[in-house]
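Next come the chains, spelled out residue by residue.
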Amino acid sequence: MSGFAHGNALLRHAGLHLAEASSGKWKGQIVLSKRGRSRLRRYLFLVTMSLSIKPYTRIMLK
């Protein structure tokens, strides 16, 4: 964390910052850029999912 000046730099490194695809009058959707480290995104997802599982579900999965 100390290698990044602010939180947005960390989001860009992981590819989690928002990007908009638009051209001229056409305005596209705002999506994740996914240009950063895919492995970092995967680990963040796994950690988030493990924290969001309810305690009784953890017992059932064992």
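Our subject is the structure listed above.
Concerning the overall build of the protein chain
In terms of helices and strands, the protein chain carries three helices and two strands. Starting at the N terminus and ending at the C terminus, the protein chain contains elements arranged as α-β-β-α-α. Within the protein chain, the proportion of its 62 residues that are buried is 10%. Of the contacts formed within the protein chain by residues at least 6 apart in sequence, a portion of 20% connects residues at least 24 apart. Entry remark: accessible area of the protein chain is about 5800 Å², with carbon and sulfur atoms responsible for 60%.

Details of the pairing of strand 2 (residues 26-32)
Bridge count for strand 1 (residues 18-23) against strand 2 is five bridges, and the pairing is antiparallel. Of the residues in strand 2, the one forming a bridge with A19 is V31. Counting the residues that bridge the hairpin from strand 1 to strand 2 gives two residues, and of these G24 lies at a positive phi of roughly 60°.

Rules used in this analysis
- Positions within a chain are numbered from 1, following the residues in the order the chain's sequence is written.
- In keeping with the predicted nature of the model, local features appear solely for residues at pLDDT of at least 70, side-chain atom pairs appear and are counted solely at 80 or more, and the whole-chain, interface and lining totals rest on all residues.
- To get the side-chain values, take all heavy atoms of the structure and skip hydrogens and water.
- A run of DSSP states H or I qualifies as a helix once it reaches four residues; a run of E qualifies as a strand once it reaches two. Both are numbered from the N-terminal end.
- A 1.4 Å probe rolled over the protein chains alone gives each residue an accessible area, and that area as a share of the maximum for its type sets the label: buried under 20%, exposed over 50%, partly exposed in between.
- Whether two residues are in contact is decided by their heavy atoms: any pair within 4.5 Å suffices.
- The Shrake-Rupley method, run with a 1.4 Å probe, gives the accessible areas here. Residue values count only the displayed protein chains as cover.
- Any two strands with at least two DSSP-identified bridges between them are counted as paired.

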